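Survey of secondary and tertiary structure
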Amino acid sequence: MSPTWTVRRPMLWFLLIVNIVFIGVLFYLVPRTILRARIPAGPATLPILAATAPFDLIRENGENFSSSALKGQPWIADFIFTRCPNQCPAMSFRFAALQKILPPGVHLVSFSVDPEYDSPQKLMEYAKRFKADPKKWVFLTGDLGVIHRIQSDLRLIKPEEQDPGLHSLRFVLIDGKGNARGYYDSSESASLEILAKDLKKMEAS
């Protein structure tokens, strides 16, 4: 072994260790930098997914109700019928919980898909079951064609579906211009948490 190699070996070990440490730091930092670059923070505003045309129906207290009453205010829609044995009551329980935490100015609107049976009186009885606050939560009945058109506008059903039992189980977040901005599974708590976050995002935009 030559004296030159003996002198240089510690230096080579030092450089090797420095390189290993440097590569380790790169492996630690670079993936995180890429990860931050690849995961978007989310859109500043929610996309417009559908839109409702103006409508006129009848609310649970027997008064006429126009969609113009919702203009400029966000609202959440669902579609139910009072003879529904399980799914609709479950959705309405969720709405009953939502009405307690919604910020001022946000409304809940439940459309009956069985207006032939669901008279204003029936809807009033149903509303009382869930302790609906009439200032926050509206129940609507009226022309079946109008109600199906609203569901179709919101892309919840196909236009040809006419069975009252066939209706969407999703909640729809709608802005003050009648545009649908989000759809949420009424049976999932996590979905409702997303709804609450999207509502805040929509109000902030």
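Nothing here was measured: the structure is a model prediction, and the numbers come from that model.

**Let's talk about the environment of G178**
Tracing the chain through its elements places G178 in the loop between β7 (170–174) and β8 (179–185). Classification of G178 as buried rests on a relative accessible area of 8%. Sequence-wise, G178 and T52 are 126 residues apart; in three dimensions their C-alpha atoms are separated by 5.4 Å.

**Overview of the pairing of strand β4 (residues 75–80)**
Counting buried positions along β4 yields six of six residues, so the element is predominantly enclosed. As judged from the six bridges shared by β4 and strand β5 (residues 107–112), these two strands associate in the parallel manner. Counted as the bridge partner of W75 is H107 from β5. Note that the unit made of β4, helix α2 (residues 87–101) and β5 has a crossover that is right-handed.

**Structural notes on α2**
The α-helix advances 3.6 residues per turn, and as a result positions three or four apart in sequence lie on the same side. The terminal C-alpha atoms of α2 lie 22 Å apart, and with 15 residues this matches the ideal 21 Å at 1.5 Å per residue to within 8%. Along α2, the positions that sit buried rather than exposed are C88, P89, M91, S92, F95, A96, L98 and Q99. Close packing links the buried residues of α2 with β4, β5, α3 (120–129), β6 (137–141) and β7.

**Some remarks on the sheet that holds strand β2 (residues 56–59)**
Across the sheet, which stays open at both edges, the eight strands sit in the order β1-β8-β7-β4-β5-β6-β2-β3 with mixed pairing between neighbours. Looking at strand neighbours, the two that pair on one side only are β1 (50–51) and β3 (64–66), the edges of this open sheet.

**A closer look at the packing of aromatic side chains**
The full count for this structure, using the stated rule, is ten aromatic pairs. An angle of 25° between the planes, with centres 4.8 Å apart, marks the rings of W137 and F139 as stacked. There is no split in this pair, since W137 and F139 are both buried. Members of the aromatic cluster, connected to one another through ring pairs, are F93, F95, Y126, F130, W137, F139 and F171.

**Some details on the pattern of salt bridges**
Side-chain pairs of opposite charge can arise whenever the charged atoms involved come near each other. Scanning the entire structure with this criterion turns up four salt bridges. Between R59 and E60 there is a salt bridge, with its nearest N and O atoms 2.8 Å apart. Comparing R59 with E60, the two get one shared label, buried. The shortest N-O distance in the salt bridge between D153 and R149 comes to 3.1 Å. Residue D153 and its partner R149 are located together in helix α4 (residues 144–153), separated by four residues, close to a single helical turn.

**Some points on the layout of surface pockets**
Taken as a whole, the largest pocket spans an internal volume of roughly 200 Å³. Looking at the largest pocket, it is lined by 13 residues, and the ones nearest its centre are P54, S67, S68, K177 and G178. Its residues assigned to classes, the lining of the largest pocket shows five nonpolar, five polar and three charged. Approximately 160 Å³ is the volume found for the second largest pocket.

**Side note on the side chain of H167**
Note that H167 resides in the loop between α4 and β7. By relative accessible area, H167 is classed as buried at 11%.

**Quick word on the nonpolar core**
In this structure, F55 and F111 are the most contacted members of the largest nonpolar core, which totals 48 residues. Those residues within four positions of F111 in sequence are excluded, and the remaining contacts are F55, L57, W75, A77, D78, F79, I80, L140, I147 and I150.

Parameters and conventions
- Residues numbered from 1 in each chain as written.
- Predicted model: local features only at pLDDT ≥ 70, side-chain atom pairs only at ≥ 80, totals over all residues.
- Heavy atoms only, no water.
- Helix = DSSP H or I, 4+ residues; strand = E, 2+ residues; numbered from the N terminus.
- Buried < 20%, exposed > 50% of the residue type's maximum accessible area, 1.4 Å probe, protein only.
- Pairing = 2+ DSSP bridges.
- Right-handed = clockwise from strand over helix to strand, strands pointing away.
- Expected span 1.5 Å × (residues − 1).
- Contact = heavy atoms within 4.5 Å.
- Phe/Tyr/Trp six-rings, centres within 6.5 Å; stacked < 30°, edge-to-face > 60°.
- Salt bridge = Lys/Arg side-chain N within 4 Å of Asp/Glu carboxyl O.
- 1 Å grid on protein atoms, 1.4 Å probe; cavity = no way out; pocket = protein on both sides within 12 Å on 5 of 7 lines; lining within 4 Å.
- Points joined across faces, edges and corners; volume = space filled by probe spheres on them.
- Nonpolar A, V, L, I, M, F, W, Y, C, P; charged D, E, K, R; others polar.
- Core = buried A, V, L, I, M, F, W, Y, C linked by side-chain atoms within 4.5 Å.

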